[in-house]
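Next come the chains, spelled out residue by residue.
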Amino acid sequence: MIIELERGRQATLDQIRDLAVRFGNRVELSEGTGVYDTVHIIGDSREFASRESYILGLPGVRAAWQPTGGYKNIARVVRGNEGKALHRERRVVEVKGLDGKVRRFGGGNGKHIFVCGPDSPQTLEQTLTTARMAREVGEKFGILDRVMLRGGAFKPRTRPTDWRGLGMKGIAIMDAAREETGLPYVTEVMDHNLVEQIGAHADMLQIGTRNAQNFDLLEAVGRFGKPVILKRGFGNEAEEWFYSAEYIANQGNLDIVLCERGMKTLYTKGGYCRNQPDLNACTHARKQTILPIIFDPSHVAGDHRIVAENLMAACGHLVDGSITETVHTEAWRREQLCDAGQALVMDQYAILVEAVLEYEAHVAPKMKTILRMLGTD
């Protein structure tokens, strides 16, 4: 539920907050530029909304909106009972680093967040070297507050005999990389029983494509409350993806970043890609939800030689960032135990980052002008 409240009505805000807590909801206040602020009731707000008459009678309340769609917490457009539409502002998801800098996904600020690193931490030296190089990229281009690490300590694999990561030993390696470089990291969690254990270490949690509809896991991550990257299931329609995000949001956590990573289709059998990228889904997510949207060029490619093309193509859809698998040297590719073929060497990744920044500075503003003219921004 969304409430428009006259600024300065602290007593009313306290009453709204007390009522929300009573029904297990969380409250966020978004300060407007005019006379009214917006109060967001996050979570399953059906019980709260049943008190609408009481809420509308509180001093300073201008209007109350009850989203009518299935994904009420994350919808970009909501409608009141009288049918009037309200376009919500796009959300900013913040991830804080030990370096004191805050990485901000989304909000329509046009600043691409670069998440990079090994498919999985295998050795301390490998991971530290990659992390140092990632930090160097951030320092070189003056975007250190837009660089994060990735690394999967727990690996979901198609074949049960394949290497499945170092588990908590891998998490310890990622902790060491963060400690030295100050860069925050995201890692995948596959079991709802491990959310608290992994979440006590990681700065951001990831739900992988195979778990996009693992509803117990989604709800556990939602309750834990840390920022989360939610990958689209490789067989999910966009609406199913949004409902998965709603499972997280319904537990009171709106710090969700959507990630498009390609679909399994008949057209991926020819060997030219691993998963079919659905770039239109990025645009659709931006229009339909308030959540940031990032792109995974590694899993759509399956081949490091076409990762760069895929990432640059996604920039045309104004994604808020990317998550890319990287190796520190070409020689390491022979040692990598998972997805070696789709990892980009860090020296090449640095050039790709520069290309994205050039696009951001010179092309993206023109794209935004076109979208404003079309009324689709």
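As recorded in an unreviewed UniProt entry, the protein goes by 3-deoxy-D-arabinoheptulosonate-7-phosphate synthase and comes from Nannocystis exedens.

## So, the overall build of the protein
Within the protein one finds 13 helices and 17 strands. The C-alpha atoms of the protein give 21 Å as radius of gyration, which agrees with the globular expectation for 377 residues (21 Å, within 12%). Considered along the principal axes of its C-alpha atoms, the protein spans approximately 70 × 45 × 45 Å. Within the protein, the fraction of its 377 residues that count as buried is 55%. In the protein, 67% of the contacts between residues at least 6 apart in sequence involve partners at least 24 apart. For the protein, the exposed area adds up to about 16,500 Å²; of that, 49% sits on carbon and sulfur atoms. Seen as two clouds, the 48 positive and the 49 negative side-chain charges of the protein have centres 2 Å apart.

## A word on the domain arrangement of the protein
Domains assigned within the protein are domain 1 (2-65) and domain 2 (92-374). Between domain 1 and domain 2, the residue contacts involve four residues of the former and five residues of the latter. With both chains or domains summed, domain 1 and domain 2 bury close to 390 Å², and 48% of this area falls on carbon and sulfur atoms. For domain 1, the biggest contributors to the area lost against domain 2 are Arg-26, Ile-42 and Gly-43; these three give 71% of the whole. At the boundary of domain 1 with domain 2, the tally comes to zero salt bridges. Inspection of the region where domain 1 meets domain 2 yields two residue pairs in polar contact (both at pLDDT 80 or more). When its residues are assigned to classes, the side of domain 1 that touches domain 2 shows one nonpolar, one polar and two charged.

## Let's talk about the side chain of Gln-122
Assignment of secondary structure puts Gln-122 in the loop between strand E9 (113-117) and helix H4 (124-140). By relative accessible area, which is 14% here, Gln-122 ends up buried. There is a polar contact of 2.8 Å between the side chain of Gln-122 and the backbone nitrogen of Leu-337. Once residues within four sequence positions are removed from consideration, Gln-122 is found in contact with Thr-127, Trp-163, Leu-166, Ile-173, Trp-332, Glu-335, Gln-336, Leu-337 and Cys-338.

## Points about a nonpolar patch on the surface
On the surface, Leu-266, Tyr-267 and Tyr-272 cluster together to form a nonpolar patch covering roughly 430 Å² of accessible area. Following the sequence through the fold, Tyr-272 ends up in the loop between strand E14 (256-260) and helix H9 (279-288). The exposure class assigned to Tyr-272 is partly exposed, which follows from its relative accessible area of 48%.

## Considering the nonpolar core
Grouped burial of nonpolar side chains is what soluble globular proteins tend to show. In terms of nonpolar packing, the biggest core is built from 75 residues, with Leu-230, Ile-256 and Leu-258 touching the most fellow members. If one sorts the elements of this core by residue count, helix H12 (residues 346-362) sits on top with eight residues. If you count residues domain by domain, this core takes at least three from each of domain 1 (2-65) and domain 2 (92-374). Within the second largest apolar cluster, 16 residues are counted, among which are Ile-3, Ala-20, Val-27 and Val-61.

## Let's talk about unusual backbone geometry
Positive phi is not limited to glycine here, since Leu-318 has a value of about 55 degrees. Within the secondary structure, Leu-318 is located in the loop between helix H11 (307-315) and strand E16 (321-327). Residues other than glycine seldom take positive phi values, yet Asp-339 does so here, at roughly 55 degrees. For Asp-339, the location among the structural elements is in the loop between E16 and strand E17 (344-345).

## Quick word on helix H5 (residues 168-181)
Its 14 residues give H5 an end-to-end C-alpha distance of 20 Å, which sits within 8% of 20 Å, the value for a rise of 1.5 Å per residue. Within the sequence span of H5, burial applies to Gly-170, Ile-171, Ile-173, Met-174, Asp-175, Ala-177, Arg-178 and Thr-181. Buried residues along H5 sit against H4, strand E10 (147-150), strand E11 (185-188) and helix H6 (195-199). Looking one or two places after H5, you find Gly-182, whose phi comes out positive at around 80 degrees.

## A closer look at the packing of H4 against H12
Packing of H4 against H12 leaves a shortest axis separation of 10 Å and a crossing angle of 25 degrees. The angle between the axes of H4 and H12 places the two elements in the roughly parallel class. For the crossing formed where H4 meets H12, the hand is right-handed. Note on element contacts: H12 touches H4 through Met-346, Asp-347, Ala-350 and Val-353, opposite Thr-130, Met-133, Ala-134 and Val-137. Its residues assigned to classes, the contact of H4 with H12 comprises six nonpolar, one polar and one charged.

## Side note on the sheet that holds strand E4 (residues 61-65)
One open sheet accounts for four strands, arranged E2-E3-E1-E4; its pairing is antiparallel. Unpaired on one side and paired on the other, strand E2 (26-30) and E4 mark the two borders of the sheet. With strand direction ignored, the average angle separating the axes of adjacent strands in the sheet is 20 degrees. As judged from the five bridges shared by strand E1 (residues 2-6) and strand E3 (residues 36-42), these two strands associate in the antiparallel manner. The partner of Glu-4 across the bridge, within E3, is Thr-38. Across the sheet, helix H1 (residues 10-22) is in contact with E1, E2, E3 and E4; its angle to E3 comes to roughly 10 degrees.

Scoring rules and cut-offs
Residues numbered from 1 in each chain as written. Predicted model: local features only at pLDDT ≥ 70, side-chain atom pairs only at ≥ 80, totals over all residues. Heavy atoms only, no water. Helix = DSSP H or I, 4+ residues; strand = E, 2+ residues; numbered from the N terminus. Rg over C-alpha atoms; globule rule 2.2 N^0.38 Å. Buried < 20%, exposed > 50% of the residue type's maximum accessible area, 1.4 Å probe, protein only. Contact = heavy atoms within 4.5 Å. Areas by Shrake-Rupley, 256 points an atom, 1.4 Å probe, with all protein chains shown as cover. Lys, Arg positive; Asp, Glu negative; His and termini not counted. Charge placed at Lys NZ, Arg CZ, Asp CG, Glu CD. Domains from an automatic or database assignment. Buried area = accessible area lost by both parts, 1.4 Å probe. Salt bridge = Lys/Arg side-chain N within 4 Å of Asp/Glu carboxyl O. Polar contact = N/O pair within 3.5 Å; in protein donor to acceptor, adjacent residues only side chain to side chain. Nonpolar A, V, L, I, M, F, W, Y, C, P; charged D, E, K, R; others polar. Patch = residues over 30% accessible without salt bridge, like charges linked within 9 Å, V, L, I, M, F, W, Y side chains within 5 Å. Core = buried A, V, L, I, M, F, W, Y, C linked by side-chain atoms within 4.5 Å. Expected span 1.5 Å × (residues − 1). Axes fitted to C-alpha atoms, helices over the stretch in contact; angles between N-to-C directions. Parallel < 35°, antiparallel > 145°, perpendicular 65-115°, else oblique. Left-handed = near helix turned anticlockwise from the far one by under 90°. Pairing = 2+ DSSP bridges.

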